[in-house]
Amino acid sequence: MAGNKQKKETLNHTLSVIVRLLHANGFKKWFIGYGTLLGIVREHSCIEGDDDVYIVICQSEASRLKEMLVNNNFSLQIGSKTIVKTRHTAEYASIDFYLAPVDEEGSFHDKHDDILWSKCYTNVSECTLIQVPWRGQTLFQPNNFEKKLENCYGDW
């Protein structure tokens, strides 16, 4: 949390808008990660004072993702091959999209933080993630998210 601390209402609004856009544009290989996943699982909300919304997404979707963001008036920060980051505004918190190659077992390798989110799909052949209803929308979570949170945050 090195960026601008945000109110959870702003983070939740940002998450809601970006999830709606991801679904509307046919993105399927993504899930909420890191502090966003922790907040949604623990509090059913983003965490007060966090700085970003965190999404892990298949690296092959990077150019399409950037196009979608720009077409929907999100300003991009200078990024790298491993992350796409939006700028925060008065309306939105920034969003970190961790670009991860996905292997044949459905493991997402976040090369930005060098973290392997292993076997994320509940059904590998259909690339199915856990679907969680949240504020009238559907969030995607990785399979075995409790263990993944424990690996990142210890006794959360």
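Up top is the structure these notes are about.
Overview of the overall build of the protein
Phase 1: Of the regular secondary structure elements, the protein holds four helices and eight strands.
Phase 2: Ordered by position from the N terminus, the helices and strands of the protein form the series α-β-α-β-α-β-β-β-β-β-β-α.
Phase 3: The C-alpha radius of gyration computed for the protein amounts to 14 Å, which stays within 12% of the reference 15 Å derived for 156 residues, consistent with globular compactness.
Phase 4: For the protein, the proportion of its 156 residues judged to be buried stands at 47%.
Phase 5: Long-range contacts, defined here as pairs at least 24 residues apart, represent 57% of the contacts in the protein between residues at least 6 apart.
Phase 6: Counting only carbon and sulfur atoms, one obtains 47% of the accessible surface of the protein, whose full area is about 7900 Å².

With respect to helix H1 (residues 8-24)
Phase 1: A rise of 1.5 Å per residue sets the reference length of H1, with its 17 residues, at 24 Å; its end C-alpha atoms lie 24 Å apart and thus fit the reference within 8%.
Phase 2: Of the residues trailing H1, Gly-26 is marked for its positive phi of about 75 degrees.

With respect to the nonpolar core
Phase 1: Leu-15, Ile-18, Trp-30, Leu-65 and Phe-97 are the most contacted members of the largest nonpolar core, which totals 46 residues.
Phase 2: No other element matches H1, which puts seven residues into this core.
Phase 3: With residues near it in sequence (within four places) discarded, Phe-97 still touches Ile-18, Ile-55, Ile-57, Leu-65, Leu-69, Thr-82, Ile-83, Val-84 and Thr-86.

Notes on the packing of aromatic side chains
Phase 1: Enumeration over the complete set of coordinates arrives at nine aromatic pairs.
Phase 2: Ring plane angle 75 degrees and centroid distance 4.9 Å describe the contact between Phe-31 and Phe-108, whose orientation is recorded as edge-to-face. Of this pair, Phe-31 sits in strand E1 (residues 30-32) while Phe-108 is found in strand E5 (residues 108-110), placing the two residues 77 residues apart along the sequence. Exposure class is identical for Phe-31 and Phe-108. Each is buried.

So, how was this worked out
- Just so you know, the residues in each chain are numbered from 1, in the order the chain's sequence is written.
- A pLDDT threshold of at least 70 governs which residues receive local features in this predicted model, and a stricter bar of 80 or more applies before side-chain atom pairs are shown or counted, although totals over entire chains, interfaces and linings include all residues.
- Note that the side-chain values use all heavy atoms of the structure and ignore hydrogens as well as water.
- Runs of E in the DSSP output that reach at least two residues are strands. Runs of H or I that reach at least four are helices, and both are numbered from the N terminus.
- The globule rule used for comparison is 2.2 Å times the number of residues to the exponent 0.38, while the radius of gyration itself is calculated over C-alpha atoms.
- Only protein chains enter the calculation, and the probe is 1.4 Å; a residue is then buried if its accessible area is under 20% of its type maximum, exposed if over 50%, and partly exposed in between.
- By definition, residues are in contact when any of their heavy atoms lie within 4.5 Å.
- For every accessible area listed, the method is Shrake-Rupley and the probe measures 1.4 Å; residues are considered covered only by the protein chains on display.
- For a helix, the expected span equals 1.5 Å multiplied by the residue count minus one.
- Residues grouped as a nonpolar core are buried Ala, Val, Leu, Ile, Met, Phe, Trp, Tyr and Cys residues, joined through side-chain atoms within 4.5 Å.
- Between the rings of Phe, Tyr and Trp (Trp by its six-membered ring), a pair exists once the centres lie within 6.5 Å; its type follows the angle of the planes, with under 30 degrees stacked, over 60 edge-to-face, and the other angles tilted.

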